[in-house]
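Remarks on the overall topology
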Amino acid sequence: MSVLADRETPLIRNCWYVLALASEADRTLRSRKVAGQAVVFYRRLDGNVAVLRDRCPHRSFPLSKGILDGDRLICNYHGLTFAPDGRCIAKPTDPTNAAPLSAGTYPVVERDAVIWIWPGDPALADEALIPAVPWLAQDGWDLVSGYLRFPANYVALHENLMDLSHFAFLHAGNIGTPAYAAAPFRVKVEDGRINLRRVLENAPLPSLLSVPTELGDKPVTRETDTWWMSPGLNLTHSNVHDPDPAPGRPGTYAFKVIHFITPETQNSTHNFWAVARDFRLGDPAIPEHTQASFKVAFQEDLEALDWIETLQGEEGLEFGEIHLGSDRGGLLMRREMKRRAWREAAPAGSGPAVRSDVVGQARRLDDHPSEEAA
Amino acid sequence: MSVLADRETPLIRNCWYVLALASEADRTLRSRKVAGQAVVFYRRLDGNVAVLRDRCPHRSFPLSKGILDGDRLICNYHGLTFAPDGRCIAKPTDPTNAAPLSAGTYPVVERDAVIWIWPGDPALADEALIPAVPWLAQDGWDLVSGYLRFPANYVALHENLMDLSHFAFLHAGNIGTPAYAAAPFRVKVEDGRINLRRVLENAPLPSLLSVPTELGDKPVTRETDTWWMSPGLNLTHSNVHDPDPAPGRPGTYAFKVIHFITPETQNSTHNFWAVARDFRLGDPAIPEHTQASFKVAFQEDLEALDWIETLQGEEGLEFGEIHLGSDRGGLLMRREMKRRAWREAAPAGSGPAVRSDVVGQARRLDDHPSEEAA
Amino acid sequence: MSVLADRETPLIRNCWYVLALASEADRTLRSRKVAGQAVVFYRRLDGNVAVLRDRCPHRSFPLSKGILDGDRLICNYHGLTFAPDGRCIAKPTDPTNAAPLSAGTYPVVERDAVIWIWPGDPALADEALIPAVPWLAQDGWDLVSGYLRFPANYVALHENLMDLSHFAFLHAGNIGTPAYAAAPFRVKVEDGRINLRRVLENAPLPSLLSVPTELGDKPVTRETDTWWMSPGLNLTHSNVHDPDPAPGRPGTYAFKVIHFITPETQNSTHNFWAVARDFRLGDPAIPEHTQASFKVAFQEDLEALDWIETLQGEEGLEFGEIHLGSDRGGLLMRREMKRRAWREAAPAGSGPAVRSDVVGQARRLDDHPSEEAA
Ligand code: FES
Ligand code: FES
Ligand code: FES
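All of these numbers come straight from a predicted model, not from anything done at the bench.

**Quick look at the sheet that holds strand β10 (residues 114-117) of chain C**
Residues and elements named next belong to chain C. Across the sheet, which stays open at both edges, the 3 strands sit in the order β1-β10-β9 with antiparallel pairing between neighbours. Looking at which strands have only one partner, the edges of the open sheet turn out to be β1 (17-21) and β9 (108-111). Going across the sheet, the axis of each strand differs from the next one's by a mean of 30 degrees, ignoring polarity. Where β9 and β10 come together, 4 bridges link them in antiparallel fashion. If you follow Val 108 over to β10, its bridge partner there is Ile 117.

Pasting the structure below:
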């Protein structure tokens with residue numbers, strides 16, 4: 001059995017995932033699937049968000065097809081009525097029945113303009129584990145954002161994001177430049193998070209960056225710091241340094257590329273994305289160009305992962321994919337995800353021991369120790 | 001393992017099911033699936049109905065794509081020719097072959113304007129077991145009728161029909177009234193049939209009944225007697241008593257609500273329905289209103305069962321649905337269906353013993369003994 | 001377990017199959033599935049055809065979505081570059097990585113205007129096993145041809161072609177005549193190939209043959225020699241003898257009906273077909289009529305096999321189909337295919353012994369020894 005997570009690895013549930021943008025939660029009942037389980041969410045009268053399992057405990061009617069009455073959710077099949085915390089507070093077809101009953105609810109936190117949900121064991125849902133993404137709703141930053149549903153397992157999307165080497169090929173027309181593919185990078189693991197850092201000096205930017213920065217073909221330094229924060233978040237700090245800025249222009253342009261990744265099912269993934277920047281704030285010309293460019297790039301990723309998922313599904317995984325030196329970030333991530341999935345599946349104290357140096361022994365990876373250094 | 005039938009319980013085959021309305025059988029070959037098996041039916045020259053398995057015993061060509069030649073059915077692949085009783089009477093590509101061969105046929109009875117079929121062991125097909133539904137073709141009764149294909153297991157539809165408590169919610173706009181949801185009811189088991197009786201006194205009727213009876217908002221007595229007759233039939237006798245009839249108006253209005261339920265596959269169900277009445281016979285204003293009203297209500301049921309079937313299919317049954325006091329009729333029915341399914345599956349003399357009091361021990365049901373009395 | 005191959009028998013891989021018409025291979029990357037595995041093919045600059053597995057060994061990206069650069073195929077995800085023989089010749093994201101790597105390739109032979117592929121063990125790919133089909137590209141022969149994708153297992157299509165008895169029914173309007181269904185035939189096995197020979201004397205031709213030969217209703221001798229050559233080819237030599245030719249007309253008209261059969265998946269099949277003739281060469285009136293007639297007949301086959309595959313899939317094979325004397329050719333073929341499938345699946349020296357006389361013992365087949373003689 002591989003030490004690397006793949007499309008067949010059970011979904012990790014003990015994690016904070018983004019359920020929705022804060023702006024999506026209102027007085028309409030909305031259903032969304034997280035890690036294979038449908039949930040219903042709405043905004044309470046006091047402004048807080050309620051999230052319940054979207055399945056009535058009585059006869060599995062979807063509660064999202066029910067009625068929101070004040071803060072209470074009424075099942076439209078037999079009228080069981082639930083408080084926002086999931087407790088059943090009325091049984092109109094069986095009024096004398098006092099047995100306690102709950103629809104099931106989830107730890108939920110609204111922060112930084114998104115709604116986080118913890119689909120796993122509530123006892124482990126520590127709010128301190130929620131990663132900070134302040135740029136979504138902070139002065140000094142502007143953003144464009146979007147949503148894509150990937151018809152692929154979330155591991156494949158995470159690996160795509162941990163691998164900047166594909167830019168030069170899959171995204172040749174917008175993000176990628178030939179020099180970028182082979183640029184050296186450095187990988188480090190820090191507190192279970194994985195960091196990939198690549199600095200490309202004295203090279204022109206791809207159009208996706210050169211247009212908003214108005215730097216054209218000018219050779220600049222591009223510093224890309226990608227963090228796999230958790231199974232639910234990939235965060236990239238991208239800084240462009242202009243060694244010789246024109247008068248009135250900044251020396252540094254900062255971008256934050258944020259990918260909230262939420263497994264929908266074993267083979268589909270929610271991807272809420274946002275790109276924040278600290279320059280040309282409020283400039284109406286930017287959003288349209290940036291949005292359009294990123295959409296093209298992300299659509300290329302989606303198409304690629306769809307093709308791969310289909311092939312892997314039809315022909316199986318026994319094929320045995322090989323690894324390249326440029327996969328080191330992705331492999332560390334997949335090892336970490338496999339370890340977390342095992343930990344969840346295993347009864348306490350059991351489970352295979354995963355040695356922390358095991359990726360170093362994975363097939364063909366040790367051929368390229370030089371990739372370790374920037 | 002649960003003592004209650006559910007969507008995973010093998011379909012009961014030893015039962016009379018309605019295959020079709022009598023009016024559907026003509027000189028066209030028609031294919032329909034019953035309990036997972038396709039059959040072909042047509043009307044013979046003498047007026048009787050022939051039903052054969054819709055699969056040629058030679059190379060599985062569907063006989064319904066063949067040719068009806070007089071009373072004989074000719075397979076359109078290699079010409080095997082079958083009599084209406086299934087016997088092969090000609091093998092044109094192998095004319096000297098005298099081996100006996102049959103396409104398979106079924107016990108069939110045409111009665112009360114419908115065609116009954118017994119898809120199980122023919123040795124057990126006792127015509128005396130066919131329930132009488134005289135109102136479909138009897139003087140003194142008029143009816144409206146229709147057909148719906150439910151994308152759900154037949155147990156769910158049976159349970160829906162044994163549970164009048166959902167009227168006030170799912171059908172709030174047409175059949176349901178708030179008082180009805182919590183009205184007391186009585187359940188009784190008689191010869192393996194299950195009866196649910198609910199009497200609501202001194203209350204106005206829902207529009208579906210008040211319009212055809214022209215009783216408007218007048219408080220009347222409504223007596224509803226629902227019988228689960230078999231896996232193939234749910235029959236409701238609904239009587240409205242007007243304690244103080246206007247001059248020239250009847251004191252009692254009788255409705256018969258008939259649901260023929262025929263499992264198509266494990267997860268889809270044929271539902272032939274009819275609503276008969278004994279008043280305003282021949283009045284052209286009635287059919288349209290009644291048909292439209294029932295259609296809306298049955299469509300609401302269909303939609304609900306579709307959502308539930310989908311959820312149960314995607315998320316499984318381990319969820320563990322809880323029961324309410326108002327489910328007693330449905331639970332007795334599901335226990336009886338499970339028992340019949342077990343009896344069919346088991347070799348003679350084996351199988352788990354099902355104690356007749358076991359539903360009384362099901363989760364949370366005993367909390368509500370008061371539901372037993374009317 | 002049956003000694004006859006059916007829709008559940010593992011696909012035979014050690015066989016030459018037609019991948020494509022030679023005319024399909026050009027400078028475009030084309031993907032096609034053979035025996036469950038996707039391959040990509042293109043024509044090299046030197047005119048030879050290259051075929052690689054259509055799955056990048058790195059992250060399963062379909063190579064057919066990549067870029068053809070001269071003779072090299074570049075994966076569009078991370079740029080791995082492959083020579084036409086499958087060898088990886090560049091790893092742009094990991095340039096110092098010298099580990100050998102291959103995309104996988106296949107024995108391929110272009111001959112007689114088609115491209116043959118051997119999807120099984122390359123060590124067994126003997127070119128001498130490729131059957132000759134010279135009429136596709138030979139002076140003195142003209143042809144019409146086409147392609148159909150059958151939504152059915154290849155065994156069913158092979159059996160359809162080994163069974164001329166269905167012509168009188170399924171193709172009553174074009175190929176079939178009543179006399180043909182019951183005409184005697186002879187079956188023989190020769191070097192693992194199966195031959196079915198039927199001679200019908202002194203009978204008028206079906207329209208599909210009478211129109212191109214311009215023989216109208218004239219009674220002639222029709223000699224049909226069908227060869228199951230391999231799991232990949234069914235070849236029919238059809239000769240029409242006019243005992244009394246009109247002045248200037250030939251005494252014999254020859255047709256070759258060629259069916260290349262290539263399993264796509266367990267339940268779908270590529271069928272490249274061609275009908276060659278040795279008369280009225282270059283006559284523009286022929287192709288249109290012959291093409292149209294054969295298309296109708298093959299479409300009838302496709303529809304029939306689709307219905308049968310669907311029924312068998314939904315209701316299973318436990319049903320137990322019976323055999324007729326006219327099936328002898330098909331049964332010998334199915335026995336041979338099962339034997340080959342077993343041989344592939346079994347480790348050397350193991351596997352059930354299949355006695356060569358076993359079809360003679362199959363159910364009901366021995367009832368018709370008279371069918372053995374012409
Ligand atoms: S299914 Fe929700 S109340 Fe019955
Ligand atoms: S399949 Fe019916 S006669 Fe052959
Ligand atoms: S998937 Fe082909 S190079 Fe990575």
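**As for unusual backbone geometry**
Residues and elements named next belong to chain A. One non-glycine residue, Ala 113, lies in positive phi territory at about 70 degrees. The class of Ala 113 is partly exposed, set by a relative accessible area of 36%. In the Ramachandran plot, Asn 202 falls in the positive-phi region, its phi being about 60 degrees despite a non-glycine side chain. Tracing the backbone through its elements, the reader meets Asn 202 in strand β13 (residues 193-203).

**Some thoughts on the interface of chain B and chain A**
With 35 residues of chain B at the interface, the matching set in chain A holds 29 residues. Three residues, Phe169(B), Glu315(B) and Phe319(B), lead the burial of chain B against chain A; their summed loss comes to 25% of the area buried on that side. Put simply, chain B and chain A have 6 salt bridges between them. In this structure, Glu314(B) and Lys33(A) form a salt bridge, with 2.1 Å as the shortest nitrogen-oxygen distance. Among the secondary structure elements, those contributing two or more residues to the side of chain B that touches chain A are α1 (154-161), α2 (167-170), α5 (285-315) and α6 (328-345) of chain B. When residues of the side of chain B that touches chain A are assigned to their parent elements, the largest contribution, 8 residues, is made by α5(B). The residue inventory of the side of chain B that touches chain A, partitioned by class, reads 14 nonpolar, 11 polar and 10 charged.

**Looking at the domain arrangement of chain A**
All names here are of chain A. Assigned domains within chain A: domain 1 (17-128) and domain 2 (133-345). Its C-alpha centre places domain 1 at a distance of 33 Å from the equivalent point of domain 2. Listed per partner, the contact involves 15 residues of domain 1 and 15 residues of domain 2. Taking both partners together, domain 1 and domain 2 bury about 1100 Å²; carbon and sulfur atoms supply 69% of that area. The largest share of the area that domain 1 buries against domain 2 comes from Tyr 17, Val 18 and Asp 112, three residues that together contribute 46% of it.

**Some remarks on the side chain of Lys91(B)**
All names here are of chain B. Considering the arrangement of structural elements, one finds Lys 91 in the loop between β8 (88-90) and β9 (108-111). Although buried, Lys 91 forms no salt bridge, and the nearest oppositely charged side chain, Asp 94, lies 6.8 Å from it. Within the local environment of Lys 91, its side chain forms a polar contact with the backbone oxygen of Asn 97, the two atoms lying 3.2 Å apart. A distance of 2.6 Å separates the side chain of Lys 91 from the backbone oxygen of Ala 99, its partner in a polar contact.

**Overview of the relation of the copies chain C and chain B**
With an axial shift of 0.0 Å and an RMSD of 0.1 Å, the rotation relating chain C to chain B amounts to 120 degrees. Such a combination of rotation and displacement between the chain copies is what one expects of a three-fold axis.

**So, the sheet that holds strand β13 (residues 193-203) of chain C**
Strand pairing in a sheet takes place through backbone hydrogen bonds and is either antiparallel or parallel in direction. Residues and elements named next belong to chain C. Pairing within the open sheet is antiparallel, and its 7 strands lie in the order β11-β17-β16-β15-β14-β13-β12. The strands lining the two open edges of the sheet, one partner per strand, are β11 (142-150) and β12 (185-190). Each strand axis lies, on average, 15 degrees off the axis of its neighbour in the sheet, ignoring direction. Lying over the sheet, helix α5 (residues 285-315) contacts β11, β16 (252-265) and β17 (268-277), oriented at roughly 20 degrees with respect to β11.

**Considering the pattern of salt bridges**
Tallying each qualifying case throughout the model produces 84 salt bridges over all chains. Across the salt bridge formed by Glu24(A) and Arg32(A), the nearest N and O atoms sit 2.7 Å from each other. Classification of Arg32(A) as buried rests on a relative accessible area of 16%. Between Asp327(B) and Arg59(A) there is a salt bridge, with its nearest N and O atoms 3.7 Å apart. Note that Asp327(B) is positioned in the loop between α5 and α6 and Arg59(A) in the loop between β4 (49-53) and β5 (67-69), a pairing that runs across two chains. With a relative accessible area of 6%, Arg59(A) lands in the buried category.

Parameters and conventions
Residues numbered from 1 in each chain as written. Chains lettered and ligands numbered in written order. Predicted model: local features only at pLDDT ≥ 70, side-chain atom pairs only at ≥ 80, totals over all residues. Heavy atoms only, no water. Pairing = 2+ DSSP bridges. Helix = DSSP H or I, 4+ residues; strand = E, 2+ residues; numbered from the N terminus. Axes fitted to C-alpha atoms, helices over the stretch in contact; angles between N-to-C directions. Buried < 20%, exposed > 50% of the residue type's maximum accessible area, 1.4 Å probe, protein only. Contact = heavy atoms within 4.5 Å. Buried area = accessible area lost by both parts, 1.4 Å probe. Salt bridge = Lys/Arg side-chain N within 4 Å of Asp/Glu carboxyl O. Nonpolar A, V, L, I, M, F, W, Y, C, P; charged D, E, K, R; others polar. Domains from an automatic or database assignment. Lys, Arg positive; Asp, Glu negative; His and termini not counted. Polar contact = N/O pair within 3.5 Å; in protein donor to acceptor, adjacent residues only side chain to side chain. Least-squares fit on C-alpha atoms with pLDDT ≥ 70 in both.

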